[in-house]
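Descriptive analysis of the structure
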Amino acid sequence: MDEILDRKIVLEALIKHETLTIDDLSKKENIGVVADKNHLQLLLTELLNSGHLEDLPGVQPLTYTITQKGIEEGVRLRAAEKQ
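In what follows, the accompanying structure is described. (Residues numbered from 1 in each chain as written. Predicted model: local features only at pLDDT ≥ 70, side-chain atom pairs only at ≥ 80, totals over all residues. Heavy atoms only, no water.)

1. Observations concerning the overall build of the protein chain
Which entries qualify depends on this criterion: Under the DSSP-based scheme used, a helix requires at least four consecutive residues in state H or I and a strand at least two consecutive residues in state E, with every element numbered from the N terminus. C-alpha atoms define the radius of gyration, and 2.2 Å times the number of residues to the power 0.38 defines the globule rule. Note on exposure labels: buried denotes an accessible area under 20% of the residue type's maximum, exposed denotes more than 50%, and partly exposed covers the range between, all computed with a 1.4 Å probe on protein chains only. Between two residues, a contact is recorded if the distance between any of their heavy atoms is within 4.5 Å. When charges are counted, Lys and Arg contribute as positive and Asp and Glu as negative, whereas His and the chain ends are disregarded. Positions of charges follow a simple convention, taking NZ of Lys, CZ of Arg, CG of Asp or CD of Glu.
Helix and strand counts for the protein chain stand at five helices and three strands. When its helices and strands are written in sequence order, the protein chain yields α-β-α-α-α-β-β-α. Taking 83 residues into account, the globule formula puts the C-alpha radius of gyration at 12 Å, and the protein chain, at 12 Å, falls close to it. Overall size of the protein chain, expressed as C-alpha extent along the three principal axes, is 40 × 25 × 20 Å. Taken over 83 residues, the protein chain has a buried fraction of 36%. Counted over contacts in the protein chain with a minimum sequence separation of 6, partners at least 24 positions apart contribute 52%. Positive and negative charge centroids in the protein chain, built from 10 and 15 side chains respectively, lie 4 Å apart.

Structure (structure tokens):
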């Protein structure tokens, strides 16, 4: 069964790579799943609004980076999954 794109997958990809564009994030080799761009954009917006990600100002194409809060949430989600 294919894995469903969720917050944990996006956070783990950014923990691993630190910064990625939306095109990089939509690649299976970076996140491990085939991403629907609309669903991915929704998750990115949610993570930006919650302070787990930031977009790098003045960088084109739009590039996302993980915050310390995002790293902590990714670690928490990974630990919760193992329980």
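On we go.
2. Observations regarding the environment of Q41
By secondary structure assignment, the location of Q41 is in helix α4 (residues 37–49). Filtering out sequence-adjacent residues up to four positions away, Q41 remains in contact with I22 and Y64.

3. What to know about the pattern of salt bridges
Applied cut-off: For salt bridges, the criterion is a side-chain nitrogen of Lys or Arg within 4 Å of an Asp or Glu carboxyl oxygen.
Tallied over the full model, the rule gives eight salt bridges. Measuring nitrogen to oxygen at the nearest pair gives 3.2 Å for the salt bridge that ties E73 to R7. With E73 in helix α5 (residues 68–82) and R7 in helix α1 (residues 7–17), this pair connects stretches of sequence that are 66 residues apart. Overlapping salt bridges, with partners in common, bring together R7, E46, E73 and R76 in one network.

4. Here we look at the packing of α1 against α4
Helix packing geometry: the angle between the two helix axes and the distance between the axes. Selection criterion: All axes are obtained by fitting lines to C-alpha atoms, using only the stretch in contact for helices, and the reported angles, taken between N-to-C directions, cover 0 to 180 degrees. Roughly parallel means an angle under 35 degrees; roughly antiparallel, over 145; roughly perpendicular, 65 to 115; everything else is oblique. Charged means Asp, Glu, Lys or Arg here, nonpolar means Ala, Val, Leu, Ile, Met, Phe, Trp, Tyr, Cys or Pro, and polar covers whatever is left, Gly included.
Relative to each other, α1 and α4 sit at 75 degrees, their axes nearing to 10 Å. Here α4 runs roughly perpendicular to α1, going by the angle between their axes. Along its contact with α1, which presents R7, V10 and L11, the element α4 presents L40, L43, L44, E46 and L47. Classifying every residue of the contact of α1 with α4 gives six nonpolar, no polar and two charged.

5. Examining the sheet that holds strand β1 (residues 19–21)
To keep things clear, this is the line we draw: Following DSSP output, two strands are said to pair if at least two bridges run between them.
Judged by pairing direction, the sheet is antiparallel, and its three strands sit side by side in the order β1-β3-β2 without closing on themselves. Only two strands of the sheet have a single neighbouring strand rather than two, namely β1 and β2 (53–55). Going from strand to strand, the sheet's axes swing by 30 degrees on average, the running direction of each strand aside. Lying on the sheet, α4 is in contact with β2 and β3 (63–66); it crosses β2 at an angle near 100 degrees.

6. Concerning unusual backbone geometry
For the bond from Q60 to P61, the omega torsion is 0 degrees, close enough to zero to count as cis. For P61, the position within the fold is in the loop between β2 and β3. You will see that E18, though not glycine, has its phi angle at about 70 degrees, which is positive. Judged by relative accessible area, which is 53%, E18 ranks as exposed.

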